[in-house]
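The primary structure of each chain is shown beneath.
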Amino acid sequence: EAFAPDPVVILKAGYDERSLETDWKSPSRIDTRTEPLGYAWVHTLQHVKTALQTIPSLLPRGHRKHHRVELAGVIWWHGYSDVFHGKWLDHYADNLLTLFGDLRKQFQRPHLPIVVAEAGAAGTDITRYAFEKKLRQEQKDACQREDEQQEE
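Residues numbered from 1 in each chain as written. Predicted model: local features only at pLDDT ≥ 70, side-chain atom pairs only at ≥ 80, totals over all residues. Heavy atoms only, no water.

The secondary structure content of the protein chain amounts to five helices and two strands. Along the chain direction, N to C, the helices and strands of the protein chain fall in the order α-α-β-α-α-β-α. Looking at the 152 residues of the protein chain, the share that counts as buried comes to 34%. The long-range fraction of contacts in the protein chain, counting pairs at least 24 apart against all pairs at least 6 apart in sequence, stands at 62%. In the structure as shown, the protein chain presents an accessible area of about 10,300 Å², 52% of it carried by carbon and sulfur atoms. (Helix = DSSP H or I, 4+ residues; strand = E, 2+ residues; numbered from the N terminus. Buried < 20%, exposed > 50% of the residue type's maximum accessible area, 1.4 Å probe, protein only. Contact = heavy atoms within 4.5 Å. Areas by Shrake-Rupley, 256 points an atom, 1.4 Å probe, with all protein chains shown as cover.)

On to a negative patch on the surface, then. On the surface, a cluster of negative charge is contributed by Asp-147, Glu-148, Glu-151 and Glu-152. Of note, Glu-152 is situated in the segment after α5 (130-151). The exposure class of Glu-152 is exposed, given its relative accessible area of 81%. (Patch = residues over 30% accessible without salt bridge, like charges linked within 9 Å, V, L, I, M, F, W, Y side chains within 5 Å. Salt bridge = Lys/Arg side-chain N within 4 Å of Asp/Glu carboxyl O. Lys, Arg positive; Asp, Glu negative; His and termini not counted. Charge placed at Lys NZ, Arg CZ, Asp CG, Glu CD.)

Attention shifts here to the pattern of salt bridges. Scanning the model with the defined rule gives nine salt bridges in all. The shortest N-O distance in the salt bridge between Arg-18 and Asp-23 comes to 3.7 Å. Overall, the relative accessible area of 25% leaves Arg-18 in the partly exposed class. For Glu-146, the salt bridge is made with Arg-104, and the minimal N-O distance between the two is 2.5 Å.

A few words on a nonpolar patch on the surface. A surface patch of nonpolar side chains, amounting to about 410 Å² of accessible area, comprises Ile-75, Trp-77 and Val-115. For Val-115, the location among the structural elements is in strand β2 (residues 114-117).

Turning our eyes to something else, we now look at unusual backbone geometry. Its identity as a non-glycine residue notwithstanding, Gln-108 has a phi of 55°, on the positive side. Tracing the chain through its elements places Gln-108 in the loop between α4 (92-106) and β2. Residue Gln-108 is classed as exposed on the basis of its relative accessible area, which comes to 70%.

What follows is about the pairing of β2. Side-chain alternation along β2 places Ile-114 and Val-116 on a buried face and Val-115 and Ala-117 on a face that remains uncovered. Alignment of strand β1 (residues 74-77) against β2, held across four bridges, turns out to be parallel. When the bridges of β2 are listed, Trp-76 appears paired with Val-116. (Pairing = 2+ DSSP bridges.)

We now examine the nonpolar core. By size, the foremost hydrophobic cluster in this structure holds 24 residues, and its most contacted members are Leu-20, Trp-76, Tyr-92, Leu-96, Leu-99 and Phe-100. Within the residue set of this core, elements represented by two or more residues are α1 (39-58), β1, α4, β2 and α5. For this core, the leading source of residues is α4, giving seven residues. Apart from the residues within four sequence positions on either side, Phe-100 is in contact with Trp-76, Ile-114, Val-116 and Glu-146. (Core = buried A, V, L, I, M, F, W, Y, C linked by side-chain atoms within 4.5 Å.)

This is the structure in structure tokens:
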């Protein structure tokens with residue numbers, strides 16, 4: 001309790017071998033008449049919404065009335081599934097920004113903090129792995145554009 005006076009819950013939604021290009025396809029990236037939403041997008045939203053509704057009942061009785069449950073941030077650690085598809089990787093930054101915008105809309109949190117962790121399968125020496133270097137650059141570009149939008 002010395003570190004966090006309020007309970008903190010971390011939700012993990014992880015799906016192996018899922019692509020931002022296809023599996024994380026969010027509402028702003030599809031024509032709803034012809035394309036389905038991505039598998040990971042749909043299941044993550046269901047997971048988070050269910051957790052947000054369920055968590056209050058799991059809190060100690062003294063906390064239930066005095067604490068509201070909220071989505072306070074997102075950590076995005078992803079990308080390796082997109083590195084082997086040049087076309088997908090070329091759109092990674094745009095798709096990531098669209099996903100972030102859709103997450104914020106979905107949870108009605110326009111300033112929801114989102115942290116992007118670099119993919120690191122190549123370790124610290126990425127000079128030998130052009131595909132991962134490109135992915136990391138796309139992630140950095142998305143973050144830089146995100147920061148610029150937040151400053152406006």
